[in-house]
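Single-letter residue listing:
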Amino acid sequence: MKVVDAIAHILKAEGVEYLFAYPVNHIIEAAAKLDIRTIIVRQERIGLHMADALARLTSGQKIGVFCMQSGPGAENAFGGVAQAYGESAPIVVLPGGYARAQSTVQPNFSSYLNFQHVTKSCEQVVLPQAVPAAMRRAFTAVRNGRPRPALVEIPGDLMNEDVPEPLDYRPAPAVRYGPDPADVRKAAQMLVAAERPVIYAGQGVHYAQAWDALRALAELLEAPVTTSLGGKSAFPENHPLALGSGGRAYPETVQHFLHSADLIFGIGCSFTISSFAVKMPANKRYLHATLDPADINKDVPVEHALVGDARLTLEALVEEVRGLLGGNPRGRREAVAQEIQSIRERWLAKWMPKLTSTETPLSPYRVLWDLLHTVDVANTIITHDAGSPRDQLSPFWRAETPLSYIGWGKTTQLGYGLGLAMGAKLAQPDKLCINVWGDAAIGFTGMDFETAVRERIPILSILLNNFSMAIEIPIMQVSTEKYRATDISGHYADMAKAFGGYGERVTTPDQIIPAIRRGIQKTQEGTPALLEFITAKETSVSVF
């Protein structure tokens, strides 16, 4: 069996259904022969983003795989791998490599050398008999511990060499580990003793599928819950104890309860300091439960920590807390829920003029508010893009079901959302999958709307077009005045039509909801739809 065929058989054994790719890489043909659906993108980043979403939307149970050409393909892929690393997404990356005799000769690009800082596992295979073990290590790495990319570089002259037979490959196991019972007991005592605990849930809750346990603990403690952007939808945001998500922009409820908390419990999160994460208040008591011990005391000093799978941790805490409380909550829920509701109503009242604006150009907040109230939220998966779309969407979108919002922000490459929506649609074909982006982001990855059309991936793309990089205007005033440095332009609905999709430009408030309904109908018919809303240069965001 040739190396390339052995790799394809290993992918099949690991349950890989899709191979995202850009040629030339001979794994593409070998995978197709085994009925692994190959999806060819227009640029490498999008294929990696699709693999990323496929993994996230299955809580890492299905691994996204991307392969690409040696040299330029590997070079172009770097940003997508770096994004997956920053956002902790478990993908396997299979770049071709230069022939072994030339792989270390300048200026040939070596994936093995250059991707080591943005992967969890990175190696180059130089012997055919080493291929199964290298693939086993890669899949074991992505299925266990903190999810991050693993890369195996296959030199071009190795592809058609023979792998010893029979190919004895067993799929990588996925194991879970939990915290020390003594640490759980102490954590439970801290939570029960706190008068105003707040739970901060991260993406680890999604990967552990710990949604029910998180809700059980919150309801037992009668504690309000907020999430990171990555953790958004881990707790139903229509629940009376939900505060909404934290990001660069966030609801006033998040600000109020974090700053009035006497204990902040982070579960399945890293507490990473970022411009795109809510700032944790100083001089607070922190209890931190994480899968990765490297997170502990990294950015936030903690009083106590637990290491382990989020579901195992939460289930153990629920049992301990229930014992300490005698099996029942203490009757705090109504007061907490009323406090949340009061602050939420006050905050929304301040924003309602923008959320319901009848002005033209359109308020982007009005577009997104109408979107929220038009779709079936429980059966929708939505993601933002970098910049204004993230800050305008995340505070106001109330995710109701797990894995219905793909949040991100550890690194913020423009154009990420399109591939995420496409990968989400492959993972959950019965859901309405939406990406919200701006006219800056579409300039980076917009050509891959053609991929959605060609590959029959009917997403709904919401484009907010203000012909400008609006949030940069305040810091680029001279260059804008002299050289129009923040101006950009395009008719993107026409672009969508040219690619064979549905495109519609919307300019008046009364057409927002009808256009959304038409776009949804087109996706139900199997056609990707891009709705281009001409919006104002909005720079206000919900920050405190």
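Residues numbered from 1 in each chain as written. Predicted model: local features only at pLDDT ≥ 70, side-chain atom pairs only at ≥ 80, totals over all residues. Heavy atoms only, no water.

**Looking at the side chain of S468**
Among the secondary structure elements, S468 is positioned in the loop between β16 (460–465) and α18 (477–483). Leave out the neighbours within four places in its chain, and S468 touches D439, I473, T486, I488 and K537. (Helix = DSSP H or I, 4+ residues; strand = E, 2+ residues; numbered from the N terminus. Contact = heavy atoms within 4.5 Å.)

**What about the packing of helix α12 (residues 333–355) against helix α13 (residues 364–372)?**
Where α12 meets α13, the closest approach of the two axes is 8 Å, and the angle between their N-to-C directions is 100 degrees. The angle between α12 and α13 falls in the class roughly perpendicular. In this structure, α12 contributes L348, W351, M352, K354 and L355 to the contact, and α13 contributes Y365, R366 and W369. Along the lines of polarity and charge, the residues of the contact of α12 with α13 split into six nonpolar, no polar and two charged. (Axes fitted to C-alpha atoms, helices over the stretch in contact; angles between N-to-C directions. Parallel < 35°, antiparallel > 145°, perpendicular 65-115°, else oblique. Nonpolar A, V, L, I, M, F, W, Y, C, P; charged D, E, K, R; others polar.)

**Re the nonpolar core**
One finds F265 and I267 to be the most contacted residues of the largest nonpolar core, which totals 110 residues. At eight residues, the largest contribution of residues to this core is made by helix α15 (residues 416–427). Residues contacting F265, with those up to four places away along its chain left out, are L191, V198, I199, Y200, L217, L287, A289, L314 and L317. (Core = buried A, V, L, I, M, F, W, Y, C linked by side-chain atoms within 4.5 Å. Buried < 20%, exposed > 50% of the residue type's maximum accessible area, 1.4 Å probe, protein only.)

**Looking at the sheet that holds strand β10 (residues 263–267)**
With respect to topology, six strands assemble into an open sheet ordered β9-β8-β7-β10-β11-β12, the strand pairing being parallel. Looking at strand neighbours, the two that pair on one side only are β9 (242–245) and β12 (304–307), the edges of this open sheet. For this sheet, the mean inter-axis angle between neighbouring strands, taken without regard to orientation, is 15 degrees. Alignment of strand β7 (residues 197–201) against β10, held across five bridges, turns out to be parallel. Paired with P197 across the bridge in β10 is L263. The strands that helix α7 (residues 181–193) touches are β7, β10, β11 (286–290) and β12; relative to β12, the one it contacts most, it runs at about 130 degrees. In the packing of helix α9 (residues 211–221) onto the sheet, contacts are made with β7, β8 (225–227) and β10, and the angle to β7 comes to roughly 170 degrees. (Pairing = 2+ DSSP bridges.)

**Regarding the sheet that holds β16**
As summarised here, the arrangement of the six strands in space is β14-β13-β15-β16-β18-β17, forming an open sheet in which the pairing is parallel. Both edges of this open sheet fall to β14 (405–406) and β17 (502–506), since each of them pairs with a single strand only. Summarising the sheet, β17 and strand β18 (residues 529–534) pair through five bridges and their orientation is parallel. Across the sheet, the residue bridging to Y502 is A529, located in β18.

**Here we look at the environment of W437**
Tracing the backbone through its elements, the reader meets W437 in strand β15 (residues 432–438). Taking the C-alpha atoms as reference, W437 lies 33 Å from I27; in sequence the two are 410 residues apart. Beyond its immediate stretch of four places on either side in the chain, W437 contacts D385, P389, L418, I442, T445, G446, S461, I462, L463, L464 and L530. At 2.8 Å, the side chain of W437 forms a polar contact with the side chain of S461. (Polar contact = N/O pair within 3.5 Å; in protein donor to acceptor, adjacent residues only side chain to side chain.)

**Things to note about the pattern of salt bridges**
Evaluation of the coordinates by the stated rule reveals 34 salt bridges. E532 is the partner of R505 in a salt bridge, and the nearest nitrogen-oxygen pair spans 3.0 Å. Of this pair, R505 sits in strand β17 while E532 is found in strand β18, placing the two residues 27 residues apart along the sequence. Here R505 falls in the partly exposed class, since its relative accessible area comes to 30%. (Salt bridge = Lys/Arg side-chain N within 4 Å of Asp/Glu carboxyl O.)

**Here's the deal with the layout of surface pockets**
Of the volumes computed, that of the second largest pocket is approximately 370 Å³. As for the second largest pocket, its lining consists of 25 residues, of which A386, G387, S388, P389 and I471 are closest to the centre. Considering every element that reaches the lining of the second largest pocket, the biggest residue donor is helix α14 (residues 388–393), with four residues. A per-class count over the lining of the second largest pocket returns 12 nonpolar, eight polar and five charged. (1 Å grid on protein atoms, 1.4 Å probe; cavity = no way out; pocket = protein on both sides within 12 Å on 5 of 7 lines; lining within 4 Å. Points joined across faces, edges and corners; volume = space filled by probe spheres on them.)

**Concerning unusual backbone geometry**
Omega for the peptide link from E165 to P166 comes to 0 degrees, which places this bond in the cis form. Relative to the helices and strands, P166 resides in the loop between β6 (150–155) and α7. That bond from T360 to P361 is cis: its omega, -5 degrees, falls within 30 degrees of zero. For P361, the location among the structural elements is in the loop between α12 and α13. With a phi angle near 55 degrees, E222 is a residue other than glycine that sits in the positive phi range. Tracing the chain through its elements places E222 in the loop between α9 and β8. Unusually for a residue other than glycine, F271 sits at a positive phi of about 55 degrees. If you trace the backbone, F271 turns up in the loop between β10 and β11.

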